[in-house]
Amino acid sequence: SSSIPAHTGIITGSYPRETGVMGQRQFDQAERRHTSYIGLGILRHRTELSKNVKTLCEYFPEIRSVDILQIANRGCSLYIPGTPHDEQVVKRTFQAVKATDFLSKYSKKSEIPRIIVMTLPDIDHQTHNSLLSDEKSKQLYLKTDQYVGEIFELYRQKGIFDKTLFVLASDHGMGEVKNHLTLDNIV
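Nothing here was measured: the structure is a model prediction, and the numbers come from that model. (Residues numbered from 1 in each chain as written. Predicted model: local features only at pLDDT ≥ 70, side-chain atom pairs only at ≥ 80, totals over all residues. Heavy atoms only, no water.)

A. Geometry of the packing of helix H5 (residues 86-107) against helix H7 (residues 135-157). Between H5 and H7, the least distance of the axes is 11 Å, while the angle of their chain directions is 5 degrees. One element, H5, and the other, H7, form an angle in the roughly parallel class. Residue-level inspection shows Asp 86, Glu 87, Val 90, Thr 93, Phe 94, Val 97 and Lys 98 of H5 in contact with H7, the latter providing Thr 144, Tyr 147, Glu 150, Ile 151, Leu 154 and Tyr 155. Residue classes in the contact of H5 with H7 are distributed as 7 nonpolar, 2 polar and 4 charged. (Axes fitted to C-alpha atoms, helices over the stretch in contact; angles between N-to-C directions. Helix = DSSP H or I, 4+ residues; strand = E, 2+ residues; numbered from the N terminus. Parallel < 35°, antiparallel > 145°, perpendicular 65-115°, else oblique. Contact = heavy atoms within 4.5 Å. Nonpolar A, V, L, I, M, F, W, Y, C, P; charged D, E, K, R; others polar.)

Structural data, given as structure tokens:
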């Protein structure tokens with residue numbers, strides 16, 4: 001599987017044939033158009049994602065939501081792009097949640113996001129070029145565990161840990177990737 005269709009499926013609950021996002025890069029034969037979601041092309045995801053499917057945030061439009069680096073971010077109250085590194089994603093998450101304290105003082109209601117979607121890509125990037133059992137891979141798993149613990153602690157501090165559902169998903173099962181074959185490299 002490919003990361004972008006997999007992430008889209010995780011956030012929409014729909015298969016690629018329903019979302020219209022079939023690959024990292026795709027060619028629409030009818031329109032004679034090539035789409036790449038790699039790099040800045042990821043911004044096209046908001047318009048290319050089928051209007052027939054909803055993202056997680058679109059299912060709950062009245063709830064504050066923050067999306068940090070996640071691909072299928074349509075409908076989120078706040079989308080925070082950034083560098084694709086776990087440490088930066090976690091840092092941006094903390095900044096977004098802490099900023100809600102400031103906003104709450106003026107709105108007189110809780111502004112804490114009830115939906116936060118984060119993408120932690122480091123282990124994925126690492127294992128595209130090495131084994132899961134590689135020492136660096138193991139260290140990244142431990143670091144990811146630490147980051148998830150920090151997010152849990154932040155929600156404990158806010159007093160909503162017991163009212164929060166946390167979901168941890170992997171975009172392609174964290175299986176070892178032995179060969180990469182992309183259409184643009186073949187063509």
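B. Structural context of the confidence of the model for the chain. Here the chain averages 82 in pLDDT, while 90% of its residues score no lower than 70. By mean pLDDT, the top-scoring element of the chain is helix H4 (residues 56-59) (92), and the lowest-scoring one is helix H8 (residues 183-186) (62). (pLDDT = per-residue confidence, 0-100.)

C. Main features of the sheet that holds strand S4 (residues 78-80). The strand order S4-S3-S5 describes an open sheet built from 3 strands, whose pairing is parallel. Taken across any chain shown, the strands that pair with only one partner, and hence form the sheet edges, are S4 and strand S5 (115-118). Strand-to-strand twist of the sheet, defined as the mean angle between neighbouring strand axes without regard to direction, takes the value 10 degrees. Judged from the 4 bridges that link them, strand S3 (residues 65-68) and S5 form a sheet pairing that is parallel. (Pairing = 2+ DSSP bridges.)

D. Looking closely at the environment of Lys 136. With respect to the helices and strands, Lys 136 occurs in helix H7. C-alpha of Lys 136 to C-alpha of Gly 159: the two residues are 23 residues apart in sequence and 35 Å apart in space.

E. Main features of the pattern of salt bridges. Applying the stated criterion to the full structure yields 4 salt bridges. The partner of Arg 33 in a salt bridge is Glu 48, and the shortest N-O contact between them spans 3.0 Å. One end of the pair, Arg 33, is in strand S2 (residues 33-36); the other, Glu 48, is in helix H3 (residues 45-48), with 15 residues separating them in the sequence. For Arg 156, the salt bridge is made with Glu 153, and the minimal N-O distance between the two is 3.7 Å. Residue Arg 156 and its partner Glu 153 are located together in helix H7, separated by 3 residues, close to a single helical turn. Residue classification places Arg 156 among the partly exposed residues on the basis of a relative accessible area of 43%. Through salt bridges that share partners, Glu 31, Arg 33 and Glu 48 make up one connected network. (Salt bridge = Lys/Arg side-chain N within 4 Å of Asp/Glu carboxyl O. Buried < 20%, exposed > 50% of the residue type's maximum accessible area, 1.4 Å probe, protein only.)

F. Focus on helix H1 (residues 3-12). Within H1, 9 of the 10 residues are buried, leaving the element largely enclosed by the surrounding structure. Residues Ser 3, Ile 4, Pro 5, Ala 6, His 7, Thr 8, Gly 9, Ile 11 and Thr 12 constitute the buried set of H1. Elements that come into contact with the buried residues of H1 comprise helix H2 (16-19), H3, H4, S5 and helix H6 (122-127). Immediately beyond the C-terminal end of H1, within one or two residues, lies Gly 13, with a positive phi of roughly 75 degrees.

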